[in-house]
Amino acid sequence: MADITTQQLSGQGLQPPGQALRQPFVADIKAIRERARQHMDDGAVTAGYGKDQAQAHAVLNSALATELVCVLRYKRHSFMAAGIYAEPIAQEFAQHAAEEQAHADLIARRIVQLGGAPDFSPEGLSSRSHADYVEGNNLKEMIQENLVAERIAIDTYREMVRWFGDDDPTTKRILEGILAQEEEHADELSDLLQKNQL
Ligand SMILES: [Fe+2]
Ligand SMILES: [Fe+2]
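A brief report on the enclosed structure follows. The shown structure was predicted, so the numbers you read here are calculated from the model rather than taken from an experiment.

### Remarks on the packing of aromatic side chains
- Across all of its chains, the model carries 2 aromatic pairs by this definition.
- Between tyrosine 74 and phenylalanine 93, the aromatic rings sit 6.1 Å apart at their centres with planes inclined by 45°, giving tilted as the arrangement. In this pair, tyrosine 74 is assigned in helix α3 (residues 53–80) and phenylalanine 93 in helix α4 (residues 86–113), connecting sequence segments 19 residues apart. By the burial criterion, tyrosine 74 is buried, and phenylalanine 93 matches it.
- Between tryptophan 163 and phenylalanine 164, the ring centres sit 4.9 Å apart and the planes meet at 80°, which makes this aromatic pair edge-to-face.
- By relative accessible area, tryptophan 163 is classed as partly exposed at 29%.
- Over the ring of tryptophan 163 we find lysine 51; its NZ or CZ atom is 4.2 Å from the centre of that ring.

Structure below.
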């Protein structure tokens, strides 16, 4: 008696849990090869790209604006931090500024790979950003403002990871890496607040 194939089972809605993992990888290689030769100007963006490109560029440009605002805020704070606890905290701010800059670079590079243009215009930068640029009057306020911004970034990156999902696994993976670092930043800031009892 012939085995019941996975395809038959799933076609009948009878697929047992975990069975999807055992399904063979099937792709129409001939069609993929033909498509790859067309639209070569599109670079990494193939016909199988699962998102609306303009929407993907807009979502990533808002993340880019957020990172650039975070660079500026951390830079300002690293120079303005003053007081007996200031030196290690200023160093932490400077390190975060450099890491936010690296995030901005990753996002800008990905926008270009997806056929878009990264928006670095200072005009309207803070309105494109998810997080605010708040200067803070003292060390405690600076740390608090940075923590708020990190928490906003964490939530928005989590949403973006969900939105890109399987439609664009590369962008999803890039954003997951950034998200993990924003979580570290938030953790470090909350430690600073507690340890220094500011
Ligand atoms: Fe960042
Ligand atoms: Fe961050």
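### Some remarks on the nonpolar core
- Counting residues in hydrophobic clusters, the biggest one holds 38 residues, and the most contacted among them are Leu60, Leu64, Phe93, Ile107, Tyr157, Leu175 and Leu189.
- Only α3, α4, α6 (139–164) and α7 (169–195) provide two or more residues apiece to this core.
- Top contributing element to this core by residue count: α6, with 10 residues.
- Not counting the four nearest positions on each side in its chain, leucine 189 is found in contact with Tyr74, Phe93, His96, Ile143, Asn146, Leu147 and Glu150.

### Considerations on the pattern of salt bridges
- Per the stated rule, a full pass over the model turns up 7 salt bridges.
- The residue arginine 76 makes a salt bridge to glutamate 135 at a minimum N-O spacing of 3.4 Å. Of this pair, arginine 76 sits in helix α3 while glutamate 135 sits in the loop between α5 (125–128) and α6; the two residues are 59 residues apart in sequence, bridging distant segments of the chain.
- The class of glutamate 135 is partly exposed, set by a relative accessible area of 37%.
- Taking the shortest distance from any N to any O, the salt bridge between arginine 110 and aspartate 168 comes out at 3.1 Å.

### Examining the coordination of the iron ion (ligand 1)
- Here the iron ion (ligand 1) is held by the protein donor atoms Glu67 (OE), Glu67 (OE), Glu100 (OE), His103 (ND1) and Glu182 (OE), which lie 1.9 to 2.4 Å from it.
- The motif formed by the donor residues of the iron ion (ligand 1), counted along the single chain, is E-x32-E-x2-H-x78-E.
- In this model, the iron ion (ligand 1) sits 4.0 Å from the iron ion (ligand 2), the two metals being bridged by glutamate 100. Taken together, the residues span a long stretch of sequence, with glutamate 67 in helix α3 and glutamate 100 in helix α4 at a distance of 33 residues.
- You can call glutamate 67 buried: its relative accessible area is 1%.

### Some remarks on the coordination of the iron ion (ligand 2)
- Every protein donor of the iron ion (ligand 2) is accounted for by Glu100 (OE), Glu150 (OE), Glu150 (OE), Glu182 (OE) and His185 (ND1), and the metal-donor separations fall at 2.0 to 2.3 Å.
- Positions of the donor residues of the iron ion (ligand 2), expressed as sequence spacing, correspond to E-x49-E-x31-E-x2-H.
- The exposure class assigned to glutamate 100 is buried, which follows from its relative accessible area of 1%.
- Under the relative-accessibility criterion, glutamate 150 is labelled buried at 1%.

Definitions and limits used
Residues numbered from 1 in each chain as written. Chains lettered and ligands numbered in written order. Predicted model: local features only at pLDDT ≥ 70, side-chain atom pairs only at ≥ 80, totals over all residues. Heavy atoms only, no water. Phe/Tyr/Trp six-rings, centres within 6.5 Å; stacked < 30°, edge-to-face > 60°. Helix = DSSP H or I, 4+ residues; strand = E, 2+ residues; numbered from the N terminus. Buried < 20%, exposed > 50% of the residue type's maximum accessible area, 1.4 Å probe, protein only. Lys NZ or Arg CZ within 6 Å of the ring centre and 35° of its normal. Core = buried A, V, L, I, M, F, W, Y, C linked by side-chain atoms within 4.5 Å. Contact = heavy atoms within 4.5 Å. Salt bridge = Lys/Arg side-chain N within 4 Å of Asp/Glu carboxyl O. Donors = N, O, S within 2.8 Å, 3.2 Å for Na, K, Ca; no water.

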